[in-house]
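One letter stands for each residue in the lines below.
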Amino acid sequence: MKPSILVKTTKLTPSLSLSLSFLNDFLVSANFLKGQFETLLPEFEPYFYKKGDPIVPFEVLKFSEKHKRCIKIYEFLRNSVTFGRVITYGEVAKKLGLSPRLVGYCMKINPFPVIIPCHRVLSQKGLGGYSAGLEVKKELLKHEGVL
């Protein structure tokens with residue numbers, strides 16, 4: 001019997017929500033949804049009310065084999081680049097002794113947007129890219145008071 005996926009949806013900003021997919025006790029993916037959904041999960045209240053990051057333990061995040069090289073970067077972002085702060089790809093790379101290209105790659109394949117705050121990683125010359133699109137990145141950074 002194949003294990004079933006449980007999907008929950010939570011508000012992030014007034015016009016952006018996040019769909020969370022769980023397998024057993026692990027969060028396996030998160031995807032943006034445009035539009036206002038009524039549900040606000042308690043773990044996401046600090047983010048929605050602009051008081052801090054979502055309270056989702058790192059231990060419940062299920063990473064695939066392709067993310068193994070990125071976990072150090074993801075942990076650094078969770079611990080050091082908190083709500084309302086930003087950092088550049090180069091700064092992350094320098095602090096961790098890694099390549100800026102690896103940092104960019106890890107941001108691109110991040111399976112847990114907002115929970116792993118890749119939207120807070122910017123280019124030296126501007127916003128940089130974002131896998132969900134620059135409009136979503138701008139909305140998140142505006143919500144956090146950065147833009």
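Residues numbered from 1 in each chain as written. Predicted model: local features only at pLDDT ≥ 70, side-chain atom pairs only at ≥ 80, totals over all residues. Heavy atoms only, no water.

Enquirer: What's the story with the pairing of strand 2 (residues 16-23) in this structure? I'm lost.
Expert: A regular strand places its side chains on the two faces of the sheet in alternate fashion. Burial of strand 2 is extensive: seven of the eight residues sit out of reach of the surface. Judged from the eight bridges that link them, strand 1 (residues 5-13) and strand 2 form a sheet pairing that is antiparallel. Residue pairing in the sheet places threonine 9 in a bridge with serine 19 of strand 2. Remark: two residues form the turn of the hairpin made by strand 1 and strand 2, two consecutive strands paired antiparallel. Note: strand 2 against strand 3 (residues 26-34), eight bridges, orientation antiparallel. Its bridge partner being in strand 3, leucine 20 is matched across the sheet by alanine 30. A loop of two residues connects strand 2 with strand 3, the two strands running antiparallel in sequence, and asparagine 24 in this loop sits at a positive phi of about 55°. (Buried < 20%, exposed > 50% of the residue type's maximum accessible area, 1.4 Å probe, protein only. Helix = DSSP H or I, 4+ residues; strand = E, 2+ residues; numbered from the N terminus. Pairing = 2+ DSSP bridges.)

Enquirer: When you look at the packing of helix 3 (residues 89-96) against helix 4 (residues 100-108) in this model, what are you seeing that I'm missing?
Expert: How two helices pack is summed up by the angle between their axes together with the distance between the axes. Two numbers describe how helix 3 lies on helix 4: the axes approach to 8 Å, and their chain directions differ by 115°. Judged by the angle between their axes, helix 3 and helix 4 are roughly perpendicular. Crossing angle aside, the handedness with which helix 3 passes helix 4 is right-handed. Only Pro100, Val103, Gly104 and Met107 of helix 4 make contact with helix 3, whose side of the interface consists of Tyr89, Gly90, Val92 and Ala93. Counted by class, the contact of helix 3 with helix 4 contains six nonpolar, two polar and no charged residues. (Axes fitted to C-alpha atoms, helices over the stretch in contact; angles between N-to-C directions. Parallel < 35°, antiparallel > 145°, perpendicular 65-115°, else oblique. Left-handed = near helix turned anticlockwise from the far one by under 90°. Contact = heavy atoms within 4.5 Å. Nonpolar A, V, L, I, M, F, W, Y, C, P; charged D, E, K, R; others polar.)

Enquirer: Even after reading the chapter, I still don't get the packing of helix 2 (residues 71-80) against helix 4, so can you show me in this structure?
Expert: Look at helix 2 against helix 4: their axes get within 10 Å of each other, and the N-to-C directions meet at 80°. Between helix 2 and helix 4, the angle falls in the class roughly perpendicular. Contact with helix 2, carried on its side by Ile73, Tyr74 and Leu77, involves Leu102, Val103, Cys106 and Met107 of helix 4 and no other residues of that element. Residues that form the contact of helix 2 with helix 4 fall into these classes: seven nonpolar, no polar and no charged.

Enquirer: Any chance you could explain the environment of valine 86 here in plain terms?
Expert: Tracing the chain through its elements places valine 86 in the loop between helix 2 and strand 4 (87-88). Excluding residues within four positions of it along the chain, valine 86 makes contact with Val81, Arg120, Leu122, Leu141 and Val146.

Enquirer: Quick question: what am I supposed to make of the nonpolar core here?
Expert: By size, the foremost hydrophobic cluster in this structure holds 44 residues, and its most contacted members are Leu77 and Met107. Residue assignment for this core shows that the elements contributing at least two residues are strand 2, strand 3, helix 1 (45-48), helix 2, helix 3, helix 4 and helix 5 (134-143). If near-sequence neighbours (up to four positions away) are discounted, leucine 77 is found in contact with Ile87, Val92, Met107, Ile116, Pro117, Cys118 and Val121. (Core = buried A, V, L, I, M, F, W, Y, C linked by side-chain atoms within 4.5 Å.)

Enquirer: Quick question: what am I supposed to make of the pattern of salt bridges here?
Expert: Any two side chains of opposite charge can pair, so long as their charged atoms come close to each other. Counted under the stated rule, the structure contains four salt bridges. Linking arginine 120 and aspartate 53 is a salt bridge whose minimum nitrogen-to-oxygen distance equals 2.5 Å. Within this pair, whereas arginine 120 is found in the loop between helix 4 and strand 5 (121-122), its partner aspartate 53 is found in the loop between helix 1 and helix 2, the two being separated by 67 residues in sequence. We note a salt bridge from glutamate 135 to lysine 138, for which the minimum N-O separation is 3.6 Å. (Salt bridge = Lys/Arg side-chain N within 4 Å of Asp/Glu carboxyl O.)

Enquirer: In this structure, what is going on with the packing of aromatic side chains? I would like to understand it.
Expert: Each aromatic ring pair is specified by the distance between its two centres and by the angle formed by the two planes. With the rule as written, the count across this model stands at six aromatic pairs. Measuring from centroid to centroid gives 5.4 Å for tyrosine 47 and phenylalanine 83, while their planes differ by 75°, and the two rings are edge-to-face. Of this pair, tyrosine 47 sits in helix 1 while phenylalanine 83 sits in the loop between helix 2 and strand 4, and the two are 36 residues apart along the sequence. Given the relative accessible area of 0%, tyrosine 47 is considered buried. Residues phenylalanine 48 and tyrosine 49 carry aromatic rings whose centres are separated by 5.2 Å and whose planes lie at 80° to one another, so their mutual orientation is edge-to-face. Phenylalanine 48 gets classed as buried once you look at its relative accessible area, which sits at 17%. In textbook terms, an aromatic cluster arises when at least three aromatic residues are bridged by ring pairs, as seen for Phe58, Phe63, Tyr74 and Phe112. Positioned over the ring face of phenylalanine 26 is lysine 62, at 5.4 Å from the centre of the ring. (Phe/Tyr/Trp six-rings, centres within 6.5 Å; stacked < 30°, edge-to-face > 60°. Lys NZ or Arg CZ within 6 Å of the ring centre and 35° of its normal.)

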